[in-house]
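# Structural characterization, general
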Amino acid sequence: FPHQLEAQPITNEGEIRRILTDWHNQLAPEAVLAQYHQELEQARTLSPVEQLHCYVHGKMFYHQVVVQALDRLFAGKGADDWVQKFLDANMPPPEDLVGVLDWVISEFSPAAA
């Protein structure tokens, strides 16, 4: 997909069509939008948890949502500081972030180095 469609969520069909048309003359916007509508209808039948699991780009979500939230929580300090605060305070992580934070702690903790 064109980078413009991944950089930030775009839900305006006119803007999606313009980007797709500009991106490549051989790309068929009607086919892409038909597939988009099919995926959208399928996504609407799923629970919110299933939608997040199936349709959210994990790396982008981590950097755009989790990192931003942790930066606000820890006053803009880096990942090493977050990990140290979690380790020092023995803070229980939010249930929906346990998997991500377990990975972060294992990757950035002094024991992993």
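Everything that follows concerns the structure shown earlier in this document.
Let me sum up the structure you'll find in this document.

Criteria and thresholds
- Residues numbered from 1 in each chain as written.
- Predicted model: local features only at pLDDT ≥ 70, side-chain atom pairs only at ≥ 80, totals over all residues.
- Heavy atoms only, no water.
- Helix = DSSP H or I, 4+ residues; strand = E, 2+ residues; numbered from the N terminus.
- Buried < 20%, exposed > 50% of the residue type's maximum accessible area, 1.4 Å probe, protein only.
- Contact = heavy atoms within 4.5 Å.
- Areas by Shrake-Rupley, 256 points an atom, 1.4 Å probe, with all protein chains shown as cover.
- 1 Å grid on protein atoms, 1.4 Å probe; cavity = no way out; pocket = protein on both sides within 12 Å on 5 of 7 lines; lining within 4 Å.
- Points joined across faces, edges and corners; volume = space filled by probe spheres on them.
- Bend = angle between axes of the 7 residues up to and from the residue.
- Arc of directions from axis to C-beta.
- Salt bridge = Lys/Arg side-chain N within 4 Å of Asp/Glu carboxyl O.
- Core = buried A, V, L, I, M, F, W, Y, C linked by side-chain atoms within 4.5 Å.
- Axes fitted to C-alpha atoms, helices over the stretch in contact; angles between N-to-C directions.
- Parallel < 35°, antiparallel > 145°, perpendicular 65-115°, else oblique.
- Left-handed = near helix turned anticlockwise from the far one by under 90°.
- Nonpolar A, V, L, I, M, F, W, Y, C, P; charged D, E, K, R; others polar.

## Describing the overall build of the chain
Scanning the chain from terminus to terminus reveals 7 helices and 0 strands. Put simply, the chain runs from its N terminus to its C terminus through helices and strands in the order α-α-α-α-α-α-α. Looking at the chain residue by residue over its 113 residues, the buried ones come to 17%. Residue pairs at least 24 apart in sequence account for 22% of intrachain contacts in the chain once pairs closer than 6 positions are excluded. Taken as a whole, the chain presents about 8500 Å² of accessible surface, with 56% of it coming from carbon and sulfur.

## Concerning the layout of surface pockets
Here the second largest pocket is characterised by a volume of approximately 340 Å³. If you trace the second largest pocket, you find 13 residues lining it, with L52, V56, F61, D96 and V100 closest to the centre. Of all the elements in the fold, those that place two or more residues in the lining of the second largest pocket are helix 4 (48-55) and helix 5 (58-73).

## Some remarks on helix 5
Its axis deflected by about 25° at V67, helix 5 carries its strongest bend there. Within helix 5, the full set of buried residues consists of Y62, V66, V67 and L70.

## As for helix 2 (residues 13-23)
An α-helical turn contains 3.6 residues, so a residue and the one three or four places further along point in the same direction. Turning to helix 2, its buried residues number three or more, namely I16, I19 and L20. Axial view of helix 2: buried residues confined to an arc of 95°, hence all on one face.

## Some thoughts on the pattern of salt bridges
Taken as a whole, this structure holds 3 salt bridges when the rule is applied. Note that R17 is salt-bridged to E30, the shortest N-O span being 2.4 Å. Residue R17 is found in helix 2, and its partner E30 is found in helix 3 (residues 29-44); the two are separated by 13 residues along the sequence. Owing to a relative accessible area of 29%, R17 belongs among the partly exposed residues under this scheme. A salt bridge links R44 to E41, with the shortest nitrogen-to-oxygen separation between them at 2.9 Å. One end of the pair, R44, and the other, E41, are both in helix 3, 3 residues apart, so they sit about a helical turn from each other.

## Some words on the nonpolar core
Grouped together as the largest cluster of nonpolar side chains are 8 residues: Y62, V66, V67, L70, F74, L97, L101 and V104. Elements with a contribution of two residues or more to this core: helix 5 and helix 7 (98-108). With 4 residues, the single largest contributor to this core is helix 5.

## Some words on the packing of helix 2 against helix 3
It is the contact of helix 2 with helix 3, at a shortest axis distance of 10 Å, that shows an interaxial angle of 135°. When the axes of helix 2 and helix 3 are compared, the pair comes out oblique. Where helix 2 crosses over helix 3, the two elements pack in a sense that is right-handed. When helix 2 is examined against helix 3, the residues E13, I16, R17, L20 and T21 are found in contact with a partner set consisting of P29, E30, V32, L33 and H37. Here the residues of the contact of helix 2 with helix 3 sort into 5 nonpolar, 2 polar and 3 charged.

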